[in-house]
Each structure stands twice: as C-alpha cells, then as structure tokens.
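Commentary on secondary and tertiary structure
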Amino acid sequence: MPSQVELCDVQKGFGERQIIKGVNLLIQPSEFIVLVGPSGCGKSTLLRMIAGLESVDTGEIRFDGAPVNDRRPAERNVGMVFQSYALYPHMTVEENVAFALKIARVDAAERRQRVDEVLDVLQLSALRNSRPSQLSGGQRQRVAIGRSIVRKPAVFLFDEPLSNLDTALRVQMRLEISRLHHRLRNTVVYVTHDQVEAMTLADRIVVLEAGTVQQIGPPLELYERPANKFVAGFLGTPQMGFLAAEAVGHGADGLSVRICASGVTLPFRGQGSRQGNVTIGIRPEDCTLCAPEQGHLAGEVLQVERLGSDTFAFVEGGGEAPVAVRVGADRDVPAGSRVGVTFDPARCHLFDDSGVTLPPHTA
Amino acid sequence: MKPPLNSKTAAQRIATYAIVLLFVVIFVSPFLFMLMASFKPNQQIFSDLSSIRAFLPVGSISLQNYRDVIGSSGIGRFALNSAFITIVTVCAGLFVNSLAAFALARLEWRGKGMVLGLIVVLLIIPLEAIAVPMMLMVAYLPTLGFEGGLSIQWSWLDTRLVQIVPFVANAFSIFFFYQAFSDIPRDFDEAAYVDGATPFQVYRHVIVPLSGTTFATVAIIQGLAAWNQYLWPVIVVPSEGARPLMVGLQQFFRFQTEWGEVMAYATLATLPVFLAFIFFQRWFVQSVMGSGVKG
C-alpha cells in the first residue's frame, strides 16, 4: 500500500550550518513528488531524512499519520535508489536484488519468485548472473531500482538516480521510471537538479533553495505562475530573462513600468498601484526579434545556440544577464548583429524588489 | 646535441638492475648460507667460510643434520605450538580487530575520536616497554585447568593462552582495517540499512566481502608476528610444554656447537614463513608497501 508522507516543520543542521529550515510538505499516496533545487539547497538531506538515514533536529516526519522520526530506515518500509547506485560489487545482479529478502529471511522459494518477477519487469533476466562491473550504466540503474522494489516498499526514494547517465540513456530511463510508477502506483519522492526530469516526471514539484521551500505545485503551474524570481529563473531552459525596471504610475491600462535599459514604458494590466524598483521576467518563447528601433529593448546578439528544433539568440540588452529569445530553427541570426527584442507585457512576469511575483502566486 | 634518448634509458636501466642485484645479494646471501650450511658437517662449514663454497651445495652434502634435529630437539612439539598460537591469534585477531575497525570507521558513537586516538598512540608503544607489567598481570589471571578434574588456576604463565590473548587485539591491525574500511563508499552501508540490515549484517555481508585483500594482508602481518614471537614467550613460558619454535631454536642454539644442526633447525623454522611468502607474495608485498611496516 502506498503511504502518505507528511513533513511538519522539519529542520536539520550540521554544526552551525542550518541545512533544512522548516519544511512543511504533504505527499499523497501514489503521488510522484520531485524535490528540485540547486546544489546545496538541502534536497538530498531532506530525502535522507525521509529515509531515516539522517536524524531530524526538530519537527516531525509522519507516514500515514504515524510519526517515524525514531524509526530505523528498515522500519519505515521505504526503498531507495542512490545516485551512485550502491550495487554490491561482490554480488551478482540476482544476489543484489535478493539481498533485502535474504536479510528479511524470506524463504528461498518465495525469494526466487519475487526476484524473478522483478528481473522480468526490468528486463534483467538475461543478466542475473552478471556482476555490476559487467553492466552498463542503464543496466546498473535498473538493478538499483530492482533492489528497491523487490521489498514492495510503500515509498520509493530516488536520489538523483539519472545524473551519471548520458543524455540518451537518461531520457530512456526517465520513461522507464515513469512507466514503473504508473504500474506500481507507489508514493515516490525523487530528488534531482535537472529541471527537465522534474517537469516530465512529477505530479508536483517542490522547489527548494537554501533549505526552504520556494514553491510547491504541478510542473506547468510552476512554469507559468512562479511564486518568485528564484522559481521563475530556475525552471525553464534557457533561463527566463530579467530586466531591471521601475514602476512609474498607474493609469487606465494598468501599472506603467519603465524598462531601465531602454527607457520604454509598458502597461501591466491587473497590477495594483505601486512605485519603485521592479523586475520584468520574460521567457524566451514570449520574445520576438525585430529591428533595433522597433523593440522594447535593443542590443547586440552575443551568442546563438542552434538546437535543431529551436534556435536561441542571447541578446545583451542591459539586463542582469543576456535575454534569451527563441527564433525559428531555420532563421539565421548572426552573432554580433544589433537587434531589437519585443514582447507582450501580458506574457511577462513582474517581481517586486524582494523577488516576489506581482501579484504574488501562492506557494 | 642531445644524447639519444634510448641510450640514456638503457644506462639508467643497467644502473637500476645493478642496485637491485646488490640488494638481492645482500638479503639473499644469509639465507643461502644457512640453507647450504644445514646440509654440511661442522668442519666443512668452517673450511668453506673463506670462499664462495659457503653458498654452494658442494663437498659432503647430506640430510644428517635434519635427521639429528628432528630426532632429538623436540622441534616437532615446538612447531605445533607455534602453528597453534599463530592460527588462533590470526583467526581471532581478524575477527576482533576488523569488528573494532568497523565500529570506528562506519558507526557513529560518542568518544569515537578519542578511542581512535588512543589506538594510534598504542601503535608507538613497543612490547619491550610493557612486557614486565604485562607479565605481572598475566601471572595472576584465572584460567580453567583440567589436570585432576576441572579447576581454576590463578596464573596464565607457561600456557599457550598467554601467548595468544595479549596479541589478538592489535592496534596496527585495527588501524589498517580502519583505513581500508573508511575507503569503502558509505552508500553501500546505507543501501543495506534501508534494505533492513543490522550493523553486524552490514559488516558480515558488505564490508568483509569487499575487504578480502585487507584481511589477507592483516593475516600475513599478524601471522608473521605471532610465528616469530620471541621476547614474550621467553618471559612467560619457562618450561618446554608450551614453548614456541623461536624460543626452541634459541634454547637449541645455547647448548649446541654443531652449526650444521643449528642451521638445519633455523631452516626448518624459516620454511613455513618462506612457503607462506611464496603463496601470499602479492598481498605480502602490498602490505609492506601499503603500511610502511618492516616485513
């Protein structure tokens, strides 16, 4: 049975350094939750706390309503896939998968049957007598998954499981993990720093920064309505472009915001009256290139990335960083050329001085 | 103009071989002399001393010295004592020291750093410095006696036990295991804990199988030390019953002017070590290089 996992004001520090600063999270049974954030944000620590590999300083972790803070990892009924796979090099694939059952003293016949089932599901039957050193990265990853599912745990924990794989294999394994989740319907907590993994796998994404939750929600909601500048910048490739601006007045068209770099003033509908510094955020797909004199912004094309399906031009327009603009795959934009960038204010995001979205989306 | 690269390399290689050969001669010649002398009568040993013949199987060669040693010196009993002491010390030592190292390297507990520090300090204390207090301790320890029915005896002196127990726990072995265990990724332990293993099961199923070379290395080092024990048994084993081979050799040497027999005895005492070296050569060299310890 999949479990409900609840984190109530969970905190954790190592020495003087506070890593997790009061996380609250309710994960529903069978839900696929992805913890995402930059390196050092505490996502792996949080996962290890759920697994029982790290203690909780304050707060409580509950499985199906029951506190598990004092339970050993084995008593929490979780399965974990490590970034390094952690396959025992002296054991064969079969022995690795059977290890947990052997420890639990499951009788030999049942053990054999359950291991066969798992190897079959993960298409590893032909490799049952191989050692980890004889396997490819993808095969090792599948063995690691097999080892965690053979016990039929209520909660699966994945700690950056695809980070050691090449791009093609990563896409393939992503699909396999997704298929496995649909088949088994276990609760999954998955840690990654790869936003594509997060966007494609998650029912809900939890964005962490410096030990605090920045926003929780379905992938598209986070992408389209980020709660703050950090989430807006973290999700999306290339990153959302940010332009320093100033709120200068409020009229019939809404809030008037003047872009500092170009001096162009744009109306933002639905915004309340305010004055002072703001930041405009704009996604690459919401920008268009035009003649320099016609754009809301003008600048030099610093770099052009041609990805086949898309081409991105990075325009130095006096913002915090070059603004990425998606152009047609077949369009030729020479680097070094001077261009204008235009965009629809309705598609823009507006952030106040502290980085919170205006009007703020609730986390 | 630069000298040709390969000629310089060849000269270096010759110099290296010459130095290696010199060391081989220095280290091998005493063993060769011992072996050859063990087949020769006393007079010939002295007459050969001034020439290369001392290192060659020439002249009157026979196994007579070996027959005399085996027939009269009690070497069989001493060898059995040494074998027993070595095997038990090594087996118990591997278990005890690796478990201690596992607790230090893989478990979290208060005072761990201090205990590790104490063990490192123990590494530099030689047996000679503590032999007398140790002797006083073992002289008053209780043990079970079986002569004339089961009874408690209040001394470990003159037993095999006294040559084993003090050397089972070994600071060097613990530290050697500790270093090896510390290098094993912690993910293995954590994966096993998530799978339901206890710390002892992690030790038994994960750490031990991944440390085969380390166990072999420690077995060799501790085994050599146990086999070659001399000072401690001289102090605590006065009679012949529990006497080990090395003390037996010394006793034999004390009352013996037949150098051929002395050499035969020494050869027999060295033989097991020599065979062990041939058998475990790879690990032995690794252990000496890895630990910086004299073999």
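Calculation notes
- Residues numbered from 1 in each chain as written.
- Chains lettered and ligands numbered in written order.
- Predicted model: local features only at pLDDT ≥ 70, side-chain atom pairs only at ≥ 80, totals over all residues.
- Helix = DSSP H or I, 4+ residues; strand = E, 2+ residues; numbered from the N terminus.
- Buried ≥ 20, exposed ≤ 12 C-beta atoms within 10 Å, placed from the backbone.
- Contact = placed C-beta atoms within 7 Å.
- Domains from an automatic or database assignment.
- Nonpolar A, V, L, I, M, F, W, Y, C, P; charged D, E, K, R; others polar.
- pLDDT = per-residue confidence, 0-100.
- Core = buried A, V, L, I, M, F, W, Y, C linked by C-beta atoms within 7 Å.
- Pairing = 2+ DSSP bridges.
- Axes fitted to C-alpha atoms, helices over the stretch in contact; angles between N-to-C directions.
- Parallel < 35°, antiparallel > 145°, perpendicular 65-115°, else oblique.
- Left-handed = near helix turned anticlockwise from the far one by under 90°.

**Observations concerning the overall build of chain A**
When helices and strands are tallied, chain A shows eight helices and 21 strands. Here the C-alpha coordinates of chain A stretch approximately 75 × 45 × 35 Å along the principal axes. When the 363 residues of chain A are sorted by exposure, 41% land in the buried category. Sequence-distant contacts, at least 24 apart, represent 64% of the contacts inside chain A between residues at least 6 apart.

**Looking at the domain arrangement of chain A**
Per the domain assignment, the segments making up chain A are domain 1 (5–232) and domain 2 (238–351). Grouping the constituent residues of the side of domain 1 of chain A that touches domain 2 of chain A by class yields two nonpolar, one polar and one charged.

**Points about the confidence of the model for chain B**
Residue and element names in this part refer to chain B. Mean pLDDT for chain B: 87, with 91% of residues reaching 70 or above. When the criterion is pLDDT under 50, residues 291–295 qualifies, and its contacts beyond four places in sequence or with other chains add up to five contacts. Scored by ipTM, the complex comes to 0.82, with pTM at 0.80.

**Quick notes on the nonpolar core**
Counting residues in each nonpolar core, the largest one holds 130 residues, and the members touching the most others are I33(A), V34(A), L35(A), L157(A), V189(A) and V206(A). Here this core takes eight residues from helix α4 (residues 75–106) of chain B, the largest share from any one element. With near-sequence residues (within four places) excluded, I33(A) lies in contact with I27(A), V188(A), V189(A), Y190(A), A202(A), D203(A), R204(A) and V206(A). Membership of the second largest hydrophobic core comes to 17 residues, among which are M36(B), I45(B), F252(B) and Y265(B).

**Some points on the sheet that holds strand β12 (residues 254–259) of chain A**
Strands pair in a sheet through their backbones, by hydrogen bonds, and they do so in one of two ways: parallel or antiparallel. Residue and element names in this part refer to chain A. Pairing is antiparallel across the open sheet formed by six strands, whose spatial order is β13-β12-β11-β14-β20-β21. With one partner strand each, in any of the chains shown, β13 (265–268) and β21 (357–358) form the two edges of the open sheet. Direction of pairing for β12 relative to β13: antiparallel, over a ladder of four bridges. In the sheet register, R258 faces β13, and the bridge partner there is T265.

**Quick notes on the interface of chain B and chain A**
If you look at the interface, chain B gives 14 residues, while chain A gives 16 residues. Of all the secondary-structure elements, those providing two or more residues to the side of chain B that touches chain A are α9 (186–194) and α10 (199–207) of chain B. In terms of residues, the side of chain B that touches chain A owes the most to one element, α9(B), which gives six residues. When its residues are assigned to classes, the side of chain B that touches chain A shows nine nonpolar, two polar and three charged.

**Notes on the packing of α9(B) against α10(B)**
All names here are of chain B. The geometry of α9 relative to α10 is characterised by a closest axis approach of 10 Å and an angle of 125° between their N-to-C directions. Judged on the interaxial angle alone, α10 and α9 are oblique. Considering only the axes of α9 and α10, their crossing is right-handed. Where α9 approaches α10, its residues F188, D189, A192 and Y193 are matched on the opposing element by Q201, V202, H205 and V206.

**So, the sheet that holds strand β19 (residues 338–343) of chain A**
Residues and elements named next belong to chain A. Read from one edge to the other, the open sheet built from five strands follows the order β15-β19-β16-β17-β18, with strand pairing classed as antiparallel. This sheet does not close on itself; its edge strands, each paired only once, are β15 (287–290) and β18 (323–327). The sheet shows a mean angle of 45° between the axes of neighbouring strands, taken without regard to direction. Relative to β19, β15 runs antiparallel, the two being bridged by four bridges. The partner of T288 across the bridge, within β19, is T342.

**Description of the environment of Q153(B)**
You can see Q153(B) is positioned in strand β2 (residues 151–153). Classification of Q153(B) as partly exposed rests on a count of 14 C-beta atoms within 10 Å.

**A few points about the domain arrangement of chain B**
All names here are of chain B. The domain architecture assigned to chain B consists of domain 1 (5–62) and domain 2 (74–129 + 158–292). Inter-centroid distance (C-alpha atoms) of domain 1 to domain 2 is 32 Å. Taken together, the elements giving at least two residues each to the side of domain 1 that touches domain 2 come down to α1 (5–37) and α2 (42–48). Looking at which element gives the most residues to the side of domain 1 that touches domain 2, the answer is α1, with three residues. Class assignment of the residues belonging to the side of domain 1 that touches domain 2 gives a composition of five nonpolar, two polar and one charged.

**Focus on the pairing of β12(A)**
All names here are of chain A. As paired strands, strand β11 (residues 241–251) and β12 are joined by six bridges and run antiparallel to one another. The partner of A245 across the bridge, within β12, is I259. Counted along the chain from β11 to the antiparallel partner β12, the turn is two residues long.

**Some words on helix α13 (residues 245–254) of chain B**
Within α13(B) the residues assigned to the buried category are L245(B), V247(B), G248(B), L249(B) and F252(B). The inward-facing, buried residues of α13(B) contact α4, α12 (231–236) and α14 (259–279) of chain B.

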